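Topology and contacts: notes
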Amino acid sequence: MDEKLKIKISIADRVYPLTVDMSQEEGLRSASKKIDLMIKQFEENYAVRDKQDVLAMCALQFASQLEQKQIDSSTDNVEANERLKKINDLLASYLDK
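To start, this report covers the structure provided alongside it. (Residues numbered from 1 in each chain as written. Predicted model: local features only at pLDDT ≥ 70, side-chain atom pairs only at ≥ 80, totals over all residues. Heavy atoms only, no water.)

**Focus: a nonpolar patch on the surface**
- A surface patch of nonpolar side chains, about 220 Å² in accessible area, is lined by Tyr16, Leu18 and Leu28.
- In this fold, tyrosine 16 is placed in strand S2 (residues 14-21). (Patch = residues over 30% accessible without salt bridge, like charges linked within 9 Å, V, L, I, M, F, W, Y side chains within 5 Å. Areas by Shrake-Rupley, 256 points an atom, 1.4 Å probe, with all protein chains shown as cover. Salt bridge = Lys/Arg side-chain N within 4 Å of Asp/Glu carboxyl O. Helix = DSSP H or I, 4+ residues; strand = E, 2+ residues; numbered from the N terminus.)

If you want it as structure tokens, here you go:
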């Protein structure tokens, strides 16, 4: 059974207390750092007046990255299935001889 940890995660200069499984801690801390880095980049590169706007842009960026990875994975799966079907057809024709 995973032991629960009480941690504090800082995002956009706000602290969020969380109770998480030990296995989640590293991922959450890493995600928090990535979010803060992205916030900094958006603030440096764009005239942003409100933290909410920056957080919305971060959310869109992360969501679009996730969607693109799923699209790429789906494309890879289709290509792999097509190759497997060709191999299967070749083996079947060889075995039928």
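Let's pick the thread back up.
**Thoughts on the packing of helix H1 (residues 22-45) against helix H2 (residues 51-96)**
- Two numbers describe how H1 lies on H2: the axes approach to 9 Å, and their chain directions differ by 120°. The pairing of H1 with H2 is recorded here as oblique in orientation. In terms of crossing hand, the pair formed by H1 and H2 is right-handed. Between H1 and H2, the residues in contact are Lys34, Ile35, Met38, Ile39, Phe42 and Glu43 and Lys51, Val54, Leu55, Met57, Cys58, Gln61, Phe62 and Gln65, respectively. (Axes fitted to C-alpha atoms, helices over the stretch in contact; angles between N-to-C directions. Parallel < 35°, antiparallel > 145°, perpendicular 65-115°, else oblique. Left-handed = near helix turned anticlockwise from the far one by under 90°. Contact = heavy atoms within 4.5 Å.)

**Some thoughts on the nonpolar core**
- Ranked by size, the top nonpolar core spans ten residues in total: Ile7, Ile9, Ile11, Ala12, Val20, Met38, Ile39, Phe42, Val54 and Cys58.
- When contributions to this core are tallied by element, the ones reaching two or more residues are strand S1 (4-11), H1 and H2.
- If sequence neighbours within four positions are ignored, isoleucine 11 has contacts with Tyr16, Ser32, Ile35, Asp36, Ile39 and Leu55. (Core = buried A, V, L, I, M, F, W, Y, C linked by side-chain atoms within 4.5 Å. Buried < 20%, exposed > 50% of the residue type's maximum accessible area, 1.4 Å probe, protein only.)

**Brief notes about the packing of aromatic side chains**
- Taken as a whole and assessed by the stated rule, the structure comprises one aromatic pair.
- Ring geometry for phenylalanine 42 against tyrosine 46: centres 5.8 Å apart, planes inclined by 40°, an arrangement best described as tilted. (Phe/Tyr/Trp six-rings, centres within 6.5 Å; stacked < 30°, edge-to-face > 60°.)

**So, the pairing of S1**
- Note that S1 and S2 share eight bridges and pair antiparallel. If you follow lysine 6 over to S2, its bridge partner there is threonine 19. (Pairing = 2+ DSSP bridges.)

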